[in-house]
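Structure assessment
Below are the chains, spelled out letter by letter.
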Amino acid sequence: MEYFNFKKINYEGKNSTNPLAFKHYNENEIVLGKSMKEHLRFAMSWWHTLCAEGADQFGVGTADRPWNKGDIISAAKAKVDAGFEFMSKLSIPYFCFHDRDIIAEGKNLAETNELLDIISDYILEKMQETGIKCLWGTANCFNHKRYVHGAGTSCNADVFAYAAAQIKKAIEITKKLGGENYVFWGGREGYETLLNTNTELELDNFAYLLKLAVDYAKKIGFTGQFLIEPKPKEPTKHQYDFDTQTVLSFLRKYNLDAYFKMNIEANHATLAGHTFQHELNLARINNVLGSIDANQGDMLLGWDTDQFPTNVYDATLAMYEVIKNGGLHKGGLNFDSKVRRGSFEEEDLAIAYIAGMDTFAKGLKVAAKLYEDKALELFVENRYSSYNSGIGLEIKNQNVDFEALEQYALAHDQIKNESGKQELLETILNQYIYK
Ligand code: XLS
Ligand code: CA
Ligand code: CA
């Protein structure tokens with residue numbers, strides 16, 4: 001049975017007007033010595049693509065997906081069939097999943113784990129048949145009511161134990177599917193009010209849960225990269241994993257920094273009051289840029305809208321950071337994006353993915369050109385050139401003390417600064433995008 005009423009999506013070039021064709025994503029086209037496919041490592045999110053039907057706080061789902069039908073096992077298998085058909089038709093090489101996306105919970109934890117074994121066998125068969133791979137797995141420790149007060153940060157020790165058991169199984173399934181990474185997004189790891197919260201104990205426990213995961217991965221030989229996905233708010237008012245720098249200081253406090261990189265999501269960056277590029281940049285310079293959840297928010301709304309990315313400007317700057325990172329390595333570009341509630345036809349899913357993939361393909365091409373030409377780099381290098389000699393070099397080499405700096409300042413107190421030329425640089429960036 002076919003779920004999607006269209007053939008394999010082809011690359012038709014930038015002048016094509018066919019909505020079901022790629023205009024920029026040409027998977028074998030070489031950019032900076034690597035194919036687009038290797039640079040971008042696109043992934044399909046199981047939850048938004050196959051599970052979501054457009055429900056929101058005010059209304060039920062609007063998309064009546066033909067694969068979301070039947071008993072637990074047949075519905076889960078139909079989702080697998082639909083997912084692999086979709087990824088094959090769109091040439092998406094990877095997928096990402098939460099344990100609870102691939103199959104619903106059974107009547108107890110033991111039965112749920114058996115269901116996971118059954119469905120992961122089926123997924124594995126499809127992976128072998130198609131060559132499609134698993135970018136990352138994760139555990140959904142936020143949806144069920146048991147997680148009302150968090151998982152690793154719950155006030156209830158029974159919940160901590162349950163979350164640990166769930167994560168243990170999710171790591172096992174991710175390993176079985178050859179997942180290249182494993183993600184921790186702190187779903188409800190945060191709090192609403194300090195009137196009822198012991199933040200110190202919650203954070204100690206959360207770190208301990210991560211340590212147990214690291215130990216278990218070593219024990220079973222799971223070599224995927226562990227990732228933490230920062231998000232500042234939603235669902236809780238104060239999420240502990242606020243942004244990259246907050247997560248880094250948390251990891252460093254608990255000596256966990258060697259084991260985790262970041263999964264940076266565009267919309268989470270903007271909720272934290274940052275740009276997407278800011279989060280990627282801070283992750284990159286700290287050597288923790290792991291993977292990307294590509295989407296975009298709506299600048300007029302203060303919540304996580306998870307829209308498909310269509311902003312070429314942001315995609316360009318994101319890919320610029322990725323190129324400077326030497327690529328995504330084990331990571332990839334997962335579309336943690338969902339179609340709008342009004343876009344309820346199956347074809348809308350394909351159009352949305354094509355738009356997202358083309359946006360990043362175009363972003364990659366522009367970023368590669370900027371990088372090759374050193375269009376921004378030379379300006380930045382020159383801007384800091386005062387650190388290449390004289391007192392600047394001494395500062396850079398950390399070879400001075402306050403007395404020496406005072407002596408220097410006394411003799412050089414007529415300071416001359418130069419323009420930061422922001423408008424010129426923005427013009428140059430636009431020129432590269434227009435080309
Ligand atoms: C929610 C997060 C979530 C993670 C995986 O806002 O984006 O989907 O990516 O649990
Ligand atoms: Ca995400
Ligand atoms: Ca999100």
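Everything below is about the structure shown above.
Figured I'd write up the structure that's included with this text. Being a predicted model, the structure only gives us computed values, none of them experimental.

It is worth spelling out the side chain of Glu 279 at this point. One can find Glu 279 in helix α10 (residues 276-285). Buried charge without a salt bridge: Glu 279, with Arg 252 as the nearest opposite-charge side chain at an N-O distance of 12 Å. Apart from the residues within four sequence positions on either side, Glu 279 is in contact with Pro 230, Asp 243, Thr 244, Ile 264, Ala 269 and His 274.

In this section: the site of ligand 1. Taken together, Trp 47, His 98, Trp 136, Trp 185, Glu 229, Lys 231, Glu 265, His 268, Asp 293, Asp 304 and Asp 336 make up the full set of residues adjacent to ligand 1. Contact distances for ligand 1 include 3.1 Å between an oxygen atom and a side-chain N or O atom of Asp 293. A distance of 3.1 Å separates an oxygen atom of ligand 1 from a polar atom in the side chain of Asp 304. Look at ligand 1: alone it shows 290 Å² of surface, and the protein chains cover 93% of it.

Right, let's talk about the pairing of strand β12 (residues 260-265) for a bit. Taking burial as the measure, the six residues of β12 include five buried ones, the bulk of the element. One ladder, built from three bridges, connects strand β10 (residues 225-229) with β12; its direction is parallel. Pairing of Leu 227 across the sheet is with Lys 261, part of β12. For β12 and strand β13 (residues 289-294), the ladder comprises four bridges, and the chain directions are parallel. By the bridge assignment for β13, Glu 265 is matched with Asp 293.

Rules and cut-offs
Residues numbered from 1 in each chain as written. Chains lettered and ligands numbered in written order. Predicted model: local features only at pLDDT ≥ 70, side-chain atom pairs only at ≥ 80, totals over all residues. Heavy atoms only, no water. Helix = DSSP H or I, 4+ residues; strand = E, 2+ residues; numbered from the N terminus. Buried < 20%, exposed > 50% of the residue type's maximum accessible area, 1.4 Å probe, protein only. Lys, Arg positive; Asp, Glu negative; His and termini not counted. Salt bridge = Lys/Arg side-chain N within 4 Å of Asp/Glu carboxyl O. Contact = heavy atoms within 4.5 Å. Near = heavy atom within 4 Å. Polar contact = N/O pair within 3.5 Å; in protein donor to acceptor, adjacent residues only side chain to side chain. Areas by Shrake-Rupley, 256 points an atom, 1.4 Å probe, with all protein chains shown as cover. Pairing = 2+ DSSP bridges.

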